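Close look at the chain arrangement
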Amino acid sequence: MTFQPSDTTALVSIRGLSFSRNGRMIFDKIDLDIPRGKITAIMGPSGTGKTTLLKLIGGQLRPDSGSVRVDGTDVHRLGLDDLYALRKRMGMLFQSGALLTDLSVYENVAFPLREHTRLPESMIRSLVLMKLEAVGLRGARDLMPAQLSGGMARRVALARAIVLDPMMIMYDEPFTGQDPISMGVLVQLIHDLNHGLGLTSVVVSHDVHETASIADYVYLISGGKVVGQGTPDEVARSDSPWIRQFMEGLPDGPVHFHYPSKDYASDLLGFAAH
Amino acid sequence: MNSVLKPFQILGESALVSLRKLGRANLFMLHVATGFPGILARPRLLAAQMYSVGVLSVLLILISGLFVGMVLGLQGYYVLTDFGAEESLGVMVAASLVRELGPVVTALLFAGRAGSALTAEIGLMKATEQLSGMEMMAVDPVKRIIAPRFFAGLVSMPLLAAVFSLVGVLGGYFVGVGLLGVDEGAFRSQMQAKIDFDEDIVNGVIKSLVFGAIVTWIAVFEGYDSVPTSEGVSRATTRSVVYAAFAVLGWDFVLTALMFGKD
């Protein structure tokens, strides 16, 4: 069962990527392609290193071996200046939003413009208000991050991520801990921004239904390997018991409900042995 | 055999951990130093940090300086009066403050007030992915966040130490001349005659610059190097104050020996 993305001009192509942390193997020689202009979902259980994968793509972590090429350049061979130049074209939405807590919503969105451009204030204002309008928070420009709900913070972070008009956005668990309404808003926004702005999106998530509803292509990662890939329909129809358990959220299956332990009865009686 | 070697193994391991951390701290400082030109280009960033690091510490320094000076006035008077030398109270108070207590006590208070705040702030920024987010926006957090804070600390410390010494002398004057009846002229003239600009004041300023660098360096590095969890940030904040206190007292001995040692 090896599907290939239909679009052969991948924006991000990962080859033979291995990464380990504290002696634990997170990725074991994985290959992965993110097609241009599409929404690609990377799903897997918690702790499989999905966020780590985004940090590897963004060049914040170095792989043990293998390569990550973004738009044709090997991210981990770039010097700091070139890496920063590349990052200006990559937006990333962190799980927490990662807004700067001492700046207002407006100043947070203006931050990349102020750091990287010398635009006049009037132009910065227009750009910031346009991006805030796109995420529906133009009216919240004067609020401080502490006054925002989790969903609003993520939308502000999204406005900030697109303010430099990047070629791609990486979403780290965008739906975690959201109520159904803000979840729906975020799903819609990710979809609309991707198609409206001609972006390439990578969504890392374990919210199966929301992610599958907007993804063009899905990778399933578990135990350091790509265990399944395809369009959401193909993945949903997979006959692999693990994929079925994950996609349908079954409590027991190839992944056991119990953490590995010794026999229950002998464990209970074990106290007497001590 | 193993149990014999175990303590050495543990000792060696912790030595390696400490050395590695020292190495990281030095590389980090080099990185911070590269942010210096950026600060000259954006003085507003520095001004904002000087306000939160320096200006907000002024009240603490004023009150502490006043009381330390008043205590010096009292204690000095009791000792000097035994020798009939209470006219020298001004010299004693001023020399103690300018040479030692000004830089040292200010540095210790600064570590508690501003250093701990810096560590906690930076550690929390790390824990909430703000530093990471900045990196992904192609903004170097060391230059944008750390460097202004470090240089603000470096500039603020000597100024705060000067304020401390000034207020301390006034406190000593108030107790000595105002309450205990030391001759006002003697207090002033002896102080002016015996306190040397190069020997005392310049050395005091050098001390406070060194302490400012040490305290702020430890504070920003501990924050930046902290484990990004609530427990990690809390430990880093404690370490920041404790290490800063040790470092200040240790370096004070070294600097005093170098500056005032008669060869």
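Cut-off values and rules
- Residues numbered from 1 in each chain as written.
- Chains lettered and ligands numbered in written order.
- Predicted model: local features only at pLDDT ≥ 70, side-chain atom pairs only at ≥ 80, totals over all residues.
- Heavy atoms only, no water.
- pLDDT = per-residue confidence, 0-100.
- Contact = heavy atoms within 4.5 Å.
- Buried < 20%, exposed > 50% of the residue type's maximum accessible area, 1.4 Å probe, protein only.
- Helix = DSSP H or I, 4+ residues; strand = E, 2+ residues; numbered from the N terminus.
- Pairing = 2+ DSSP bridges.
- Axes fitted to C-alpha atoms, helices over the stretch in contact; angles between N-to-C directions.
- Parallel < 35°, antiparallel > 145°, perpendicular 65-115°, else oblique.
- Nonpolar A, V, L, I, M, F, W, Y, C, P; charged D, E, K, R; others polar.
- Buried area = accessible area lost by both parts, 1.4 Å probe.
- Salt bridge = Lys/Arg side-chain N within 4 Å of Asp/Glu carboxyl O.
- Polar contact = N/O pair within 3.5 Å; in protein donor to acceptor, adjacent residues only side chain to side chain.

**Here's the deal with the confidence of the model for chain A**
Of the residues in chain A, 96% have a pLDDT of 70 or more, and the chain-wide mean is 85. Throughout residues 1-7 of chain A the model reports pLDDT below 50, and contacts reaching past four residues in sequence, or to other chains, amount to 19 contacts.

**Remarks on the pairing of strand β7 (residues 168-172) of chain A**
Residues and elements named next belong to chain A. With five of five residues buried, β7 is to be regarded as a mostly interior element. Neither face of β7 is left uncovered, since the one carrying M168, M170 and D172 and the one carrying I169 and Y171 both have all their residues buried. Here strand β6 (residues 90-93) pairs with β7 via four bridges, running parallel. Following the sheet pairing, M90 is matched in β7 by M168.

**Some words on the packing of helix α1 (residues 2-33) of chain B against helix α7 (residues 141-179) of chain B**
Residue and element names in this part refer to chain B. Across the interface, α1 lies against α7 with an axial gap of 9 Å and an inter-helix angle of 95 degrees. Considering the angle they form, α1 stands roughly perpendicular to α7. Mapping the contact onto sequence places F28, M29, H31 and V32 in α1 and V142, I146, A147, F150 and F151 in α7. Across the contact of α1 with α7, the residue classes tally to eight nonpolar, one polar and no charged.

**So, the interface of chain B and chain A**
One frequently used descriptor of interface size is the decrease in accessible area upon assembly of the parts. With 16 residues of chain B at the interface, the matching set in chain A holds 21 residues. For the pair chain B and chain A, the two sides together bury roughly 1700 Å², of which 56% comes from carbon and sulfur. Inspection of the region where chain B meets chain A yields two salt bridges. Between B:R144 and A:E115 there is a salt bridge, with the nearest N and O atoms lying 2.6 Å from each other. Here chain B and chain A share nine residue pairs in polar contact (both at pLDDT 80 or more) between them. With six residues, helix α6 (residues 130-136) of chain B is the largest single contributor of residues to the side of chain B that touches chain A. Looking at the side of chain B that touches chain A, its residues break down into seven nonpolar, four polar and five charged.

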